[in-house]
Amino acid sequence: MATDTGCLYGLTFVTHFYGARKSILAPQLGTSELMAGQVVEGTRAAIEVAAKEPGCQLIPVVSLCVAETAGLPEEMLPKKIGDAEVVLVRVPAYAIHSHPEAKDVALAALLKRLGNATAPKEKKTLALLGEVFPADPLAIDNLLRQMGVEATITLPGRAIDDLRRAGHVGALAPLHPFYKETTAVFRSWSIPVVGGAPVGISGSYAWLKAVGSLLELDPKLVNDVAEAERARAEAMLKAQPLSGRIFVTGYEGTELAYARLLVEAGAEVPYISTSIGQDPLVLPDEMWLRARGTKEIVYRKSLEDDVAALDKYPPDFVLGTTPFCAIAKERGIPAMYFTNQLASRPFFLSTGMAATLGFINQTMKGHERYQWMQSFFEGEAADA
Amino acid sequence: MPKVIRDLSDSSSYWAAVWTMCAMPDVHVICDAPIGCFNLVATAVPDYTDAIPHIENITPSVITETEVGGSGTGPAVQRTYENLRDEGILDGKKLIVVSTAESEMIGSDLSDLVTKLQPGTTFFHSESLSDDEWLGRDRVLQWLWENYGQAAAADIQVEPGLVNIIGPTYGCFNAPSDLHEIKRTIEGAGGRLNLIFPYEATLAQIAQLAKAQVNVVLYKEFGHTLADSLGQPWLHAPMGMQGTTQFVQKLGELLGTQDKAQAFIAQEKKTTLSAIWDLWKGPQSDWFPTTNIGIVACGTYVDGFTAFLGNELGMPISFASSRPLRPGELDNEGVRQLLHSNPPAFVFGSINEKIYLSEAGARYTNFIPASFPGPIVRRAVGTPFMGYRGTVYLLQEIVNRLYEVLFNFLPVDSAYSKGPRPGATNGASKPAADKPGNLPWELEAKAALDAALDQLPFLPRISASREIQMQAEQAAHEAGLEKVTAELIQQVLATRKN
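Computed from a prediction, not measured in an experiment: that's the story for all the values here. Counting from 1, residues in each chain are numbered in the order their sequence is written. For this description, chains carry letters from A and ligands carry numbers from 1, given in the order in which they are written. Per-residue local features of the predicted model are confined to residues with pLDDT of at least 70, and side-chain atom pairs are confined, for both listing and counting, to 80 or more; whole-chain, interface and lining totals are unaffected and use all residues. Neither water nor hydrogens contribute to the side-chain values; these are computed over all heavy atoms in the structure.

Q: Outline the overall build of chain A, listing residues and values.
A: Each helix and strand counted, chain A has 17 helices and 12 strands in total. Relative to a compact globule of 384 residues, whose C-alpha radius of gyration would be 21 Å, chain A shows 23 Å and is just as compact. Projected onto the principal axes, the alpha-carbon positions of chain A cover approximately 65 × 60 × 35 Å. Any residue under 20% of the maximum accessible area for its type is buried, any over 50% is exposed, and the rest in between are partly exposed; the area is computed with a 1.4 Å probe on protein chains only. For chain A, the proportion of its 384 residues judged to be buried stands at 56%. All accessible areas in this document rest on Shrake-Rupley with a 1.4 Å probe, and a residue is counted as covered only by the protein chains that are shown. Surface accessibility of chain A: about 16400 Å² in total, with carbon and sulfur atoms responsible for 54%. The sign given to each residue is positive for Lys and Arg and negative for Asp and Glu; His and the chain ends receive no count. Where a charge sits is defined by one atom per residue type, namely NZ (Lys), CZ (Arg), CG (Asp) or CD (Glu). Each charge sign in chain A was given a centre, from 37 positive and 44 negative side chains, and these centres are 5 Å apart. Here a helix means four or more residues in a row that DSSP labels H or I, a strand means two or more in a row labelled E, and each is numbered from the N terminus. Only the C-alpha atoms count toward the radius of gyration. The rule for a globule is 2.2 Å times the residue count to the power 0.38.

Structure below.
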């Protein structure tokens with residue numbers, strides 16, 4: 001990781017919190033190294049240490065603000081050292097404004113290096129693109145195989161080989177809407193892209209059909225599977241419908257898709273905000289939501305935007321960032337950290353709907369606890 | 001050869017500035033930062049270091065390509081200021097603009113700009129490209145005194161009996177507990193608390209630092225420059241039984257409350273510290289000489305643990321590595337190698353050491369969090385490392401974990417019938433019970449077993465020796481060998497490592 005110590009400290013801290021548990025190397029980049037122009041030299045030294053780890057096959061070099069400002073020319077770094085590929089990923093926060101977009105840049109860089117573009121395509125295979133709950137790809141794979149798909153791979157995957165195999169697939173299905181550069185890499189390999197995502201009743205149905213037609217699967221088979229899945233999803237929704245007003249205000253770039261699911265389940269979602277910028281990839285979800293009562297969708301949001309919405313459309317439940325959830329809880333409104341609570345549950349297809357909606361229903365039932373806490377600490381009962 | 005960092009342990013002076021200044025509610029900081037610099041220091045990390053939802057009194061200028069590309073950060077800071085002002089967020093607050101590594105990288109000096117913002121606004125150049133968090137905290141504490149206290153303090157008289165505590169800030173491991181215990185200790189010695197700076201102070205109160213007769217500096221890493229500037233006698237907060245006793249005596253001398261101090265020490269021996277006397281007299285202390293300890297923590301803790309666990313209780317200190325690193329100590333590369341090859345019974349450390357232990361599969365080693373980085377809640381005030389209560393808490397923690405070791409690792413015959421049989425070389429496994437009695441061991445095999453056991457902490461060796469013996473004999477039976485050979489034991493040991 002080529003950056004200053006404050007940045008390095010914070011990023012490694014958060015990385016380990018989310019379970020990376022990997023030793024991380026970095027060149028020392030202080031005033032003296034920067035003055036002496038040692039960014040390249042230092043980064044090369046760190047790469048050499050990394051290459052000595054037993055079994056090392058891939059060394060991503062993550063270049064952040066300070067190294068990018070100082071300059072880190074790619075041609076000055078080795079492409080390969082021993083058995084390990086060295087891949088430069090440029091993600092300075094001053095240019096890449098959100099971490100979802102940084103994930104896209106990182107994955108695109110890895111694919112450009114490792115993906116085998118000239119390999120013959122395996123027509124009935126699909127790459128699922130997006131960091132999702134581990135059980136989600138299994139559920140999706142299961143349905144797709146019933147439709148005649150021969151194999152799926154998930155990116156970013158758990159193995160380097162998944163990156164290598166990505167160039168072979170028959171089609172790409174981005175499950176999240178911010179993989180702009182990654183999608184462009186697949187297009188450059190002449191691999192077609194499935195629009196939408198298997199979210200909710202109508203979204204899943206349309207997505208399964210789209211996969212079927214893109215991969216030229218047996219239409220009858222595809223239709224049967226899609227209809228059956230739709231029936232399951234409808235039954236599921238009937239069993240546990242949502243009601244109430246919910247905010248979806250994370251920074252993962254997946255907020256619109258979650259909002260769509262909630263609206264389909266019966267919730268009112270007047271306000272959605274996200275860290276990513278507006279993009280054609282998000283437009284279908286945005287239009288769908290606006291047609292169903294969503295009043296405001298804020299891209300590149302600030303905390304102040306979210307707080308203003310709290311006054312404008314007082315919600316019953318907030319799925320948001322940690323600072324915003326804290327403010328909602330100060331008002332006795334049930335709130336949960338979008339990243340930790342939703343990313344740790346299945347989301348896609350009817351099984352994902354069941355898990356996500358079950359969780360939200362359960363949380364909303366606990367609203368009295370949020371009110372009690374608020375009144376205990378800050379309300380009328382606070383001084384008692 | 002340029003320096004390569006493995007798993008950074010210390011943050012930068014920009015973090016120090018934010019974590020020190022923002023502890024005071026009447027400050028608002030504009031950090032001259034790209035969005036990531038702000039998110040990490042103000043929201044993502046303090047969730048897990050200080051268990052607070054986020055730091056509220058800080059706003060980023062949000063450096064983008066425009067600012068990096070040549071316009072400089074002045075207009076962005078100006079804009080940020082105007083928004084805050086218009087929203088009323090700055091009412092009743094002092095504004096401080098703080099530089100970051102990136103703003104320093106593009107040479108942004110806002111000393112002039114701040115004179116055009118809200119009156120009294122200051123610019124703190126955090127030296128983030130060169131200074132670490134420890135140096136940074138020391139410098140910012142002194143800077144706050146010089147800019148917000150010193151002038152007004154000229155008229156303030158020292159009031160006998162008053163004591164300041166300097167430190168902690170956000171991001172100081174275990175600070176609430178240690179602070180609580182040091183307050184109790186100061187009061188026990190006959191002092192009255194004045195300002196707890198910056199943790200429980202406001203910017204407007206800084207001049208009041210001049211009122212205290214004595215200053216207590218919580219950490220050896222920072223705060224001493226300010227303590228020197230204040231011109232009154234000062235002491236470091238104590239750890240260990242001897243250290244704490246000396247501290248109470250010395251503070252009593254300085255305050256003229258010797259009798260009270262002496263009575264406090266006597267009373268503590270009969271109450272708080274009686275647990276240590278009892279554990280010393282009991283069988284627990286017999287384990288101390290064979291319970292070895294590794295320490296990775298701030299230098300204050302390294303010295304305190306070494307004095308208490310090492311010198312007073314007699315536990316061997318295998319290694320110590322301070323934050324910031326002192327000359328001659330193992331760096332993370334060295335600590336990692338040591339934990340991979342010969343981990344002690346206890347390791348006090350950060351998530352880095354926890355990762356190294358997990359890489360090594362060192363299941364016989366107890367890890368005790370004692371340092372950042374690493375997510376942890378330490379908001380209960382009953383878990384101090386400092387003062388008399390700190391000694392009791394530490395010892396209680398260690399003995400309870402030794403009990404856990406006994407539970408997990410003493411030989412229980414039934415435990416061996418479960419699980420895979422390392423070293424099996426073919427599918428035709430015969431139960432070891434088919435061939436009763438001990439198998440002969442080649443001398444070299446026995447030597448290899450002894451060497452492997454030597455790498456383990458003392459208590460678990462009993463069970464490990466029996467476990468390895470059974471695994472080796474099982475493997476010998478399965479391979480149809482009449483004795484345990486050196487080659488076989490190496491295979492068994494290799495399997496255990498994986």
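There is more to say, and it comes next.
Q: Please provide a residue-by-residue account of the pattern of salt bridges, values included.
A: Residues and elements named next belong to chain B. We count a salt bridge whenever a side-chain nitrogen from Lys or Arg sits within 4 Å of a carboxyl oxygen from Asp or Glu. All told, the structure shown has 42 salt bridges over all chains when counted by the stated rule. Among the salt bridges present, the one from glutamate 200 reaches lysine 183, with a minimum N-O distance of 2.8 Å. Of the two residues, glutamate 200 is situated in the loop between β7 (192-197) and β8 (212-217) and lysine 183 in helix α9 (residues 175-188); the sequence distance between them amounts to 17 residues. Exposure remark for glutamate 200: the relative accessible area of 44% places this residue in the partly exposed category. With its nearest N and O atoms 2.6 Å apart, the salt bridge here joins arginine 496 to glutamate 467.

Q: Please give an account of the interface of chain B and chain A that cites residues and values.
A: Tallying the contact residues gives 50 residues for chain B and 47 residues for chain A. Inspection of the region where chain B meets chain A yields two salt bridges. Arginine 6 of chain B is the salt-bridge partner of glutamate 53 of chain A, the closest N and O atoms lying 2.9 Å from each other. Under this definition, polar contacts are N or O atom pairs within 3.5 Å; protein pairs additionally need one hydrogen-donor-capable and one acceptor-capable atom, and for neighbouring residues in sequence, both atoms have to be side-chain atoms. At the junction of chain B with chain A, the criterion picks out 13 residue pairs in polar contact (both at pLDDT 80 or more). For the side of chain B that touches chain A, the elements supplying multiple residues, two or more each, are β1 (4-6), α2 (35-44), α3 (46-49), α4 (65-71), α6 (101-105), α15 (332-341) and α16 (351-360) of chain B. Residue classes in the side of chain B that touches chain A are distributed as 25 nonpolar, 12 polar and 13 charged. Only heavy atoms enter the contact rule, under which two residues are in contact if any of them lie within 4.5 Å. When residues are sorted by character, Ala, Val, Leu, Ile, Met, Phe, Trp, Tyr, Cys and Pro go into the nonpolar class, Asp, Glu, Lys and Arg into the charged class, and all the rest, Gly among them, into the polar class.

Q: Hey, could you go over the nonpolar core for me, with residue numbers and the actual values?
A: Residues enter a nonpolar core if they are buried and are Ala, Val, Leu, Ile, Met, Phe, Trp, Tyr or Cys, with the set joined through side-chain atoms within 4.5 Å. With 225 residues, the main nonpolar core has Trp207 of chain A together with Met21 and Leu144 of chain B as its most contacted residues. In this structure, leucine 144 of chain B is in contact with Thr20, Met21, Met24, Ile96, Gly149, Phe197, Leu203 and Ile206 of chain B, ignoring residues within four places of it in sequence. In this structure, Leu29, Val39, Ile59 and Leu72 of chain A belong to the second largest nonpolar core, which totals 21 residues.

Q: Kindly report on the packing of helix α11 (residues 241-255) of chain B against helix α17 (residues 387-409) of chain B, identifying the contributing residues and their values.
A: Residue and element names in this part refer to chain B. Only C-alpha atoms enter the line fits that serve as axes; for helices the fit covers just the stretch in contact. Angles between N-to-C directions range over 0 to 180 degrees. In the contact formed by α11 and α17, the axes pass within 8 Å of each other and the chain directions differ by 170°. It follows that α11 is roughly antiparallel to α17 by the angle criterion. For the pair α11 and α17, contact is made by Met241, Thr244 and Thr245 and by Gly387, Tyr388 and Thr391, respectively. By residue class, the composition of the contact of α11 with α17 is two nonpolar, four polar and no charged. We call two directions roughly parallel when the angle between them is under 35 degrees, roughly antiparallel when it is over 145, roughly perpendicular when it lies between 65 and 115, and oblique otherwise.

Q: Now, about the domain arrangement of chain B: what can you tell me, with residues and values included?
A: Residue and element names in this part refer to chain B. For chain B, the domain assignment lists domain 1 (13-131), domain 2 (151-259), domain 3 (275-408) and domain 4 (414-425 + 435-497). Relative placement of domain 1 and domain 3: their C-alpha centres are 37 Å apart. The interface is formed by five residues belonging to domain 1 together with six residues belonging to domain 3. Values labelled buried area give the accessible surface lost by two parts on being combined, using a 1.4 Å probe and summing over both. Here domain 1 and domain 3 share an interface that buries about 400 Å² over both sides, 57% of which is from carbon and sulfur atoms. Considering only the surface of domain 1 that becomes buried against domain 3, Tyr48, Thr49 and Ala51 emerge as the three largest contributors, covering 84% of it. At the junction of domain 1 with domain 3, the criterion picks out zero salt bridges. Counting across the domain 1 and domain 3 interface gives three residue pairs in polar contact (both at pLDDT 80 or more). A per-class count over the side of domain 1 that touches domain 3 returns three nonpolar, one polar and one charged. The domain boundaries here were taken from an automatic or database domain assignment.

Q: Any details on the confidence of the model for chain A? Residues and values, ideally.
A: A score from 0 to 100, pLDDT tells how confident the predictor is in each residue. Summary statistics for chain A give a mean pLDDT of 93 and a share of 99% for residues scoring 70 or more. Element-level pLDDT for chain A is lowest in helix α15 (residues 338-342) of chain A, with a mean of 88, against a maximum mean of 98 in strand β9 (residues 271-273) of chain A.

Q: Describe unusual backbone geometry, with residues and values.
A: Residue leucine 155 of chain A is joined to proline 156 of chain A through a cis peptide bond whose omega torsion reads -5°. Locating proline 156 of chain A in the fold gives a position in the loop between β6 (151-155) and α7 (160-165). A cis geometry characterises the amide bond from phenylalanine 197 of chain B onward to proline 198 of chain B, with omega recorded as 5°. Following the sequence through the fold, proline 198 of chain B ends up in the loop between β7 and β8. Non-glycine residue glutamate 216 of chain A carries a positive phi angle of around 55°. Structurally, glutamate 216 of chain A can be placed in the loop between α9 (200-214) and α10 (219-239).

Q: Which residues make up the packing of aromatic side chains, and what are the values?
A: Aromatic pairing here means that ring centres of Phe, Tyr or Trp (its six-membered ring) are within 6.5 Å. Orientation follows from the plane angle: under 30 degrees is stacked, over 60 is edge-to-face, and everything else is tilted. Scanning the model with the defined rule gives 28 aromatic pairs over all chains in all. For the ring pair tyrosine 9 of chain A and phenylalanine 13 of chain A, a centre distance of 6.1 Å and an interplane angle of 55° mean the geometry is tilted. Taken as a pair, tyrosine 9 of chain A and phenylalanine 13 of chain A lie in helix α1 (residues 5-17) at a separation of four residues, close to a single helical turn. Pair check on accessibility: tyrosine 9 of chain A and phenylalanine 13 of chain A agree, each one buried. Consider the rings of tryptophan 15 of chain B and tryptophan 19 of chain B, whose centres lie 5.3 Å apart with planes at 70°: the pair is edge-to-face. You can see tryptophan 15 of chain B and its partner tryptophan 19 of chain B sitting in helix α1 (residues 13-21), four residues apart, about one turn around the helix. The rings of Phe173, Tyr301, Phe305, Phe348, Phe372, Phe385 and Tyr393 of chain B are connected pair by pair, giving a single aromatic cluster. Only when the NZ of Lys or the CZ of Arg is both within 6 Å of the ring centre and within 35 degrees of the ring normal is a charge said to sit over the ring. Note that arginine 230 of chain A overlies the ring of tyrosine 205 of chain A, its terminal NZ or CZ placed 3.9 Å from the centroid. Across from the ring centre of tryptophan 134 of chain B, 5.4 Å away, lies the NZ or CZ of arginine 137 of chain B, which sits over that ring.

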